[in-house]
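Each chain, written out:
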Amino acid sequence: MFERQPQSEIEALMKANSEFRQLLYRHRELDRKVLDAELGVLPVADSTLGQMKREKLAAKQRLLQMYERAN
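This is a predicted model, so every value here is computed, not measured.

Let's talk about the overall build of the protein chain
Okay, so step 1: When its secondary structure is counted, the protein chain shows 3 helices and 0 strands.
Okay, so step 2: Helices and strands appear in the protein chain in the N-to-C order α-α-α.
Okay, so step 3: Oriented by its inertia axes, the alpha-carbon framework of the protein chain measures out at about 40 × 20 × 15 Å.
Okay, so step 4: When burial is assessed residue by residue, the protein chain has 25% of its 71 residues classed as buried.
Okay, so step 5: For the protein chain, the accessible surface area stands at approximately 5,100 Å², while carbon and sulfur atoms represent 48% of it.
Okay, so step 6: Positive and negative side-chain charges of the protein chain, numbering 13 and 11 respectively, have mean locations separated by a distance of 2 Å.

Written as structure tokens, this is what we have:
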């Protein structure tokens, strides 16, 4: 998600902000689950997959806001 940002900035923000850290971990978890569901490895209902995608997007938007405010 933050591929273009310096890793040191992300790590510093994770240490300084527990909400950011928890949200980033949740986003990564959802990313893996969505990918697994799309590949057919994780059987989930379409409605559940849609809900996971919406939650992942909301987490991403919140993380970007937090990152922009910190820098």
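Points about a nonpolar patch on the surface
Okay, so step 1: A contiguous nonpolar patch, built from Leu35, Leu39 and Val41 and spanning about 320 Å² of accessible area, is present on the exposed surface.
Okay, so step 2: Here Val41 falls in the exposed class, since its relative accessible area comes to 59%.

Section: the confidence of the model for the protein chain
Okay, so step 1: For the protein chain, per-residue confidence averages 95 on the pLDDT scale, and residues scoring 70 or more make up 100% of the total.
Okay, so step 2: Of all secondary-structure elements in the protein chain, the lowest mean pLDDT belongs to helix 1 (residues 7-16), at 94, while helix 2 (residues 18-39) reaches the highest, 97.

Remarks on the packing of aromatic side chains
Okay, so step 1: If you walk through the whole model with that rule in mind, you get 2 aromatic pairs.
Okay, so step 2: Taking 5.3 Å as the distance between ring centres and 40° as the angle between the ring planes, the aromatic pair formed by Phe2 and Tyr67 counts as tilted. On the criterion of sequence distance, the pair formed by Phe2 in the segment before helix 1 and Tyr67 in helix 3 (residues 46-70) is long-range, its members being 65 residues apart.
Okay, so step 3: The buried category is assigned to Phe2, whose relative accessible area is 8%.
Okay, so step 4: Assessed through its relative accessible area of 10%, Tyr67 is described here as buried.
Okay, so step 5: Ring pairing ties together the aromatic residues Phe2, Phe20 and Tyr67, which thus form one cluster.

What to know about the pattern of salt bridges
If the charged atoms of two oppositely charged side chains come close together, the side chains can form a pair.
Okay, so step 1: Applying the stated rule across the entire model yields 6 salt bridges.
Okay, so step 2: Between Glu29 and Arg26 there is a salt bridge whose closest N-O contact spans 2.9 Å. Of the two residues, Glu29 and Arg26 both sit in helix 2, 3 residues apart, roughly one turn of that helix.
Okay, so step 3: Classification of Glu29 as partly exposed rests on a relative accessible area of 29%.
Okay, so step 4: What makes Arg26 partly exposed here is its relative accessible area of 28%.
Okay, so step 5: Across the pair Lys53 and Glu38 runs a salt bridge, and its minimum N-O distance is 2.9 Å.

What counts, and where the lines are drawn
- Residues numbered from 1 in each chain as written.
- Predicted model: local features only at pLDDT ≥ 70, side-chain atom pairs only at ≥ 80, totals over all residues.
- Heavy atoms only, no water.
- Helix = DSSP H or I, 4+ residues; strand = E, 2+ residues; numbered from the N terminus.
- Buried < 20%, exposed > 50% of the residue type's maximum accessible area, 1.4 Å probe, protein only.
- Areas by Shrake-Rupley, 256 points an atom, 1.4 Å probe, with all protein chains shown as cover.
- Lys, Arg positive; Asp, Glu negative; His and termini not counted.
- Charge placed at Lys NZ, Arg CZ, Asp CG, Glu CD.
- Patch = residues over 30% accessible without salt bridge, like charges linked within 9 Å, V, L, I, M, F, W, Y side chains within 5 Å.
- Salt bridge = Lys/Arg side-chain N within 4 Å of Asp/Glu carboxyl O.
- pLDDT = per-residue confidence, 0-100.
- Phe/Tyr/Trp six-rings, centres within 6.5 Å; stacked < 30°, edge-to-face > 60°.

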